[in-house]
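Structural overview
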Amino acid sequence: MASRAATPYMACFPKAPRLKARDAMPSLNEIRSTFLNYFAADGHEKVHSAPLVPQNDPTLLFVNAGMVPFKDYFTGAAKPPYPRATSSQKCVRAGGKHNDLDNVGYTARHLTFFEMLGNFSFGDYFKEHAIERAWNLVTRDFDLDPKRLMVTVYIDDDEAAAIWKKVAGFSDDKIVRIAGSDNFWAMGENGPCGPCTEIFWDHGDSVPGGPPGSPDEDGDRFVEIWNNVFMQFEKENDEIVRKLEKPSIDTGMGLERMTTVLQGVHSVYETDLFKTLIAASEDATSTRAEGERKPSHQVIADHLRSSSFLIADGVTPSNEGRGYVLRRIMRRAMRHAHLLGASDPLMHRLVPTLVAEMGAAYPELARAQAFIEDTLKQEEIRFRTTLSKGMALFDTAVQGFRPGDMLDGQTAFTLSDTYGFPLDLTRTRRAAAAFPSTSKASRRRWPSSASARARTGRARARRPTPANGWPCATAWDRPSSPAMTPSRDRARSWP
Ligand code: GLY
């Protein structure tokens, strides 16, 4: 794009190694390094990921966005030691507001653990510099075709729209103006917030879906790859209460999603890292990740990451709070391992592969390897003793089921709460029991609608309700939505 050369920053921009110059497909590890080095060369302090357990926010279950560790720098509550930072932040979304757990394994995009790449300005640069740098990275260093990129801006953000025109040379139809929360990012009910601009990649017309703002936007064709937030306000109890003293920048790029784009695939599970983890799971179970078994291998690969990183950061399985969420994740994976026919504990055997892939970027993972393996193994031994009891209960409950029959709420709750039966597996078993001929289609229906728009920070996953195709008792929702604060009832219930 001609306009790139016209921007004031290009002349002094240091040369960073470009993925473009390489013959081989960039690996996920290389993409992470390219991002961090790019911003380091622009005066950003490289900051190692904070632990998954928030250090500065008791209201948050897990760190779920790159800006969380920097929250106090944005609000002015703490003085930043550097004016600019860049990081690849470990994030978990498996409980509370951003809860993707039940979709994971069945969709192309949902993960419980992911890395969010970000660049941050704490009252230093603002819109123009952020947009220019973002455009430069994606089109120059990542070498994405500008014709397949488009952006959204907040509905009345004329300034951002004008910058995009200047920097990218976009015509109006490539700059979609969106009202409401889609282009106004907030950390939660409390904390810094502001309008944002999102960059979208067009996967091409072989993938169903329309551009952002269109009736078909929920399809998978146009995916958001990067969100740049113009932090300007602070919220309390979901109300904007003040303007930030210094406007700032917070950006979030999902590393795994960017890797799908740069590796030319459509699912995160087809990227190099996940292919390696899935291959390890295939070897360990002597099964192929094909057909009905594919989601199980995908669940195992994803949950191996979230469980291992949570354990490395000091979370251990328990019946309350963070430990309860970890236990649900672990048991969901273990249940899928059982479904694949694994007769002995499986998850701990996959840890060495994970450490080989991610230990260099996250030394804390390598340091905790033995503890992670032991924790996974003990939990899987324990889970297996309750599994057969839960299955017997389930099989009795669904005997004679006909299409449309509903599992009673008490059984559903007991299965989940007492036996740790993951929701999707109970549903799969129920579908198989009640709808032998249509179970496949039934299983597809909910995950695909939920996958429709798993935007960074704002997945609009629908919960299973009678209205969207799953006859469910309301009890389902309780175990699927672990509260931020531990529940006493729950604390007593899991064996
Ligand atoms: N904090 C920006 C994002 O999560 O999209």
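Residues numbered from 1 in each chain as written. Predicted model: local features only at pLDDT ≥ 70, side-chain atom pairs only at ≥ 80, totals over all residues. Heavy atoms only, no water.

**What about the side chain of threonine 34?**
Assignment of secondary structure puts threonine 34 in helix H2 (residues 28-40). Using a relative accessible area of 11% as the deciding quantity, one classes threonine 34 as buried. Here the side chain of threonine 34 touches glutamate 30 through a polar contact of 2.8 Å, landing on its backbone oxygen. (Helix = DSSP H or I, 4+ residues; strand = E, 2+ residues; numbered from the N terminus. Buried < 20%, exposed > 50% of the residue type's maximum accessible area, 1.4 Å probe, protein only. Polar contact = N/O pair within 3.5 Å; in protein donor to acceptor, adjacent residues only side chain to side chain.)

**Focus on the packing of helix H9 (residues 321-339) against helix H12 (residues 369-397)**
Where H9 contacts H12, the axes come no closer than 10 Å and their chain directions differ by 65°. Judged by the inter-axis angle, H9 sits roughly perpendicular to H12. Handedness of the crossing formed by H9 with H12: right-handed. Listed contacts from H12 to Arg327, Met330, Arg331, Met334, Arg335, Ala337 and His338 of H9 are Thr375, Leu376, Glu379, Glu380, Arg382, Phe383, Arg384, Thr386, Leu387 and Met391. (Axes fitted to C-alpha atoms, helices over the stretch in contact; angles between N-to-C directions. Parallel < 35°, antiparallel > 145°, perpendicular 65-115°, else oblique. Left-handed = near helix turned anticlockwise from the far one by under 90°. Contact = heavy atoms within 4.5 Å.)

**Some thoughts on the pairing of strand S5 (residues 113-121)**
With 9 of 9 residues buried, S5 is to be regarded as a mostly interior element. Side chains of S5 alternate between two faces, with Phe113, Glu115, Leu117, Asn119 and Ser121 and Phe114, Met116, Gly118 and Phe120 buried alike. Pairing geometry for strand S2 (residues 84-92) and S5, over 9 bridges, is antiparallel. Across the sheet, residue lysine 90 finds its bridge partner in S5, namely glutamate 115. (Pairing = 2+ DSSP bridges.)

**Focus: the pattern of salt bridges**
One pass over the full model with this rule turns up 25 salt bridges. Between glutamate 128 and lysine 166 there is a salt bridge whose closest N-O contact spans 2.4 Å. Placement of glutamate 128 in helix H4 (residues 127-141) and of lysine 166 in helix H5 (residues 158-168) is noted, with a sequence separation of 38 residues between them. The exposure class assigned to glutamate 128 is partly exposed, which follows from its relative accessible area of 27%. The exposure class of lysine 166 is partly exposed, given its relative accessible area of 40%. (Salt bridge = Lys/Arg side-chain N within 4 Å of Asp/Glu carboxyl O.)

It is worth stressing that arrangement in space is one thing and function is another; only the former is reported here.
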